[in-house]
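# Chain and residue survey
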Amino acid sequence: LRFGTLSGIELGHHVTIHSHCWIQLLNGENPDILPKLIIKDHASIGMNATISAAKKITIEEHVFTARNVYISDHRHSYESIDLPISSQSINSIKEVFIGSHTWLGQNAVVLPGVKIGKHCVIGANTVVNRSIPDYSVAVGIPARVFKKYDFDNRKWVAVPSDE
């Protein structure tokens, strides 16, 4: 397990962080404001996950991630070709929220500014670049909701394609 700054990390009860994860908090827009990573009760972060916060990432209770999940509330800047990317700043800093009872499949990527609702499934290899409503199943690059839970019929139903 590899951690960056620990002082802004809040872990709930019975949180599991599996081996080979990289969890870091970076100085973001304002160096006087410490970024936050909140992982609530009974959440489980799968092996080889990367979670990088420059502002705030909230992972609600009973969220489970598979292996190799990447969650970030910022992007790397690439403004100057005279400097290596690693020497350049970060940008697009926007909070990330993952709702309770949500599952993130293997290799899923969650980008800055995304809110994933409660009781969602994000499929393997999905890139989430926009918010996903509660009770949805989303897949693809970029993520597209293809099922929603129908409370009247008490089952998951297909969502018509945008095409």
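For the structure itself, consult the block above.
Residues numbered from 1 in each chain as written. Predicted model: local features only at pLDDT ≥ 70, side-chain atom pairs only at ≥ 80, totals over all residues. Heavy atoms only, no water.

### Points about the packing of aromatic side chains
Our working definition: In this analysis, rings of Phe, Tyr and Trp, with Trp reduced to its six-membered ring, are considered paired at centre separations within 6.5 Å, and the interplanar angle assigns stacked below 30 degrees, edge-to-face beyond 60, and tilted for intermediate values. Under the scheme used here, helices are H or I runs from DSSP no shorter than 4 residues and strands are E runs no shorter than 2 residues, and both carry numbers assigned from the N terminus. Residue exposure (1.4 Å probe, protein chains only): buried if accessible area is under 20% of the type maximum, exposed if over 50%, otherwise partly exposed.
This model, assessed by the stated rule, comprises three aromatic pairs. Residues Tyr135 and Phe151 carry aromatic rings whose centres are separated by 4.8 Å and whose planes lie at 85° to one another, so their mutual orientation is edge-to-face. Taken together, the positions of Tyr135 in the loop between strand E18 (127-128) and strand E19 (136-139) and Phe151 in the loop between strand E20 (144-150) and strand E21 (155-158) put the pair 16 residues apart, joining distant regions of the chain. Assessed through its relative accessible area of 21%, Tyr135 is described here as partly exposed. Measuring from ring centre to ring centre gives 5.3 Å for Tyr149 and Trp156, while their planes differ by 75°; the resulting arrangement is edge-to-face.

### Points about the sheet that holds strand E5 (residues 36-39)
We apply this condition: At least two bridges found by DSSP between two strands are what make those strands a pair.
With parallel pairing, the five strands of this open sheet are ordered in space as E2-E5-E8-E13-E16. The open sheet has two edge strands with one neighbour each: strand E2 (9-11) and strand E16 (115-116). Across three bridges, the pairing between E2 and E5 is parallel. In the sheet register, Leu11 faces E5, and the bridge partner there is Ile39.

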